[in-house]
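Residue-level structure breakdown
Now for the letters of each chain:
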Amino acid sequence: MAGIHVTDIEAAINYWREREPASDGVTLSPPLRALAEVYALMVFFHEQEADEFSMPGPAMEAWLAWYESTPDTPCIAICSTSQGDSVCKGCGRTFDEVQHWTHLRPAQKRETWRRITQLGEAWRFNRYAERARGEQVQARLFDDADTASGG
């Protein structure tokens, strides 16, 4: 059973802190308060994951709103599982995860994202990530040069 990892709760809290900051510097918005209560219990009980099925409704709704702001799939459109690999070289997901991705619950998807990110072995985390960063740098340089020339 997939749980919601504490780092995802923290990310959702930060999402809501930015989205609905406290006007008085103290009062939390309802979604933030709901997530903070779950987070506090996790810290108190030294838990790394919250049970997705017993999470209070408002906290789950707040977490799902954050989840919807994240990329759905780690796919980079280079799928080696279609060539017979048990783990995709492009994204790092297993054959079963690739095949059943659309049927996985959000917590299961995040569990997969966490695993492949920690491993960092898939091409999405090295070759193509480096290429994408290089293209972003080149685009910024081009924009800066264009601005400097008055274009």
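So, a few notes on the structure that sits alongside this text. (Residues numbered from 1 in each chain as written. Predicted model: local features only at pLDDT ≥ 70, side-chain atom pairs only at ≥ 80, totals over all residues. Heavy atoms only, no water.)

Okay, the nonpolar core next. By size, the foremost hydrophobic cluster in this structure holds 22 residues, and its most contacted members are Ile4, Ile9, Leu35, Val38, Met55 and Trp63. Of all the elements in the fold, those that place two or more residues in this core are α1 (6–19), α2 (30–44) and α3 (57–68). What Trp63 contacts, discounting residues up to four positions off in sequence, is Ile4, Asp8, Ile9, Ala12, Leu35, Pro106, Ala107 and Arg110. (Core = buried A, V, L, I, M, F, W, Y, C linked by side-chain atoms within 4.5 Å. Buried < 20%, exposed > 50% of the residue type's maximum accessible area, 1.4 Å probe, protein only. Helix = DSSP H or I, 4+ residues; strand = E, 2+ residues; numbered from the N terminus. Contact = heavy atoms within 4.5 Å.)

The next subject is unusual backbone geometry. Here the phi dihedral of His46 falls at roughly 55 degrees; this positive angle occurs in a residue that is not glycine. Examined against the element boundaries, His46 turns out to sit in the loop between α2 and β2 (49–51). We classify His46 as exposed; its relative accessible area is 70%. Not every positive phi belongs to a glycine, and Ala77 is a case in point at roughly 65 degrees. Tracing the backbone shows Ala77 in the loop between α3 and α4 (95–100).

Attention shifts here to the side chain of Asp8. Positionally, Asp8 belongs in helix α1. With near-sequence residues (within four places) excluded, Asp8 lies in contact with Trp63, Trp66 and Arg110.

Direction vectors running N to C along α2 and α3 enclose 110 degrees, while the axes themselves pass 8 Å from each other. By the angle between their axes, α2 is roughly perpendicular relative to α3. Every residue of α3 that contacts α2 at Pro31, Ala34, Leu35 and Val38 is listed here: Pro58, Ala59, Ala62 and Trp63. A per-class count over the contact of α2 with α3 returns eight nonpolar, no polar and no charged. (Axes fitted to C-alpha atoms, helices over the stretch in contact; angles between N-to-C directions. Parallel < 35°, antiparallel > 145°, perpendicular 65-115°, else oblique. Nonpolar A, V, L, I, M, F, W, Y, C, P; charged D, E, K, R; others polar.)

This part takes up the state of the cysteines. Here is the idea: a disulfide is a covalent bond, and it sits between the sulfur atoms of two cysteines. By the definition in use, this model includes zero disulfides. Free cysteine: Cys91, not disulfide-bonded; nearest cysteine sulfur from Cys88 at 3.9 Å. We classify Cys91 as buried; its relative accessible area is 1%. (Disulfide = S-S within 2.5 Å.)

What the rule picks out here adds up to five salt bridges. For the salt bridge of Arg105 with Glu52, the shortest nitrogen-to-oxygen distance reads 2.6 Å. Taken together, the residues span a long stretch of sequence, with Arg105 in the loop between α4 and α5 (106–119) and Glu52 in the loop between β2 and α3 at a distance of 53 residues. Since its relative accessible area comes to 9%, Glu52 is described here as buried. The salt bridge involving Lys109 is made with Asp72; its shortest N-O contact spans 2.9 Å. Note that Lys109 is positioned in helix α5 and Asp72 in the loop between α3 and α4, a separation of 37 residues in sequence. What makes Asp72 partly exposed here is its relative accessible area of 37%. (Salt bridge = Lys/Arg side-chain N within 4 Å of Asp/Glu carboxyl O.)

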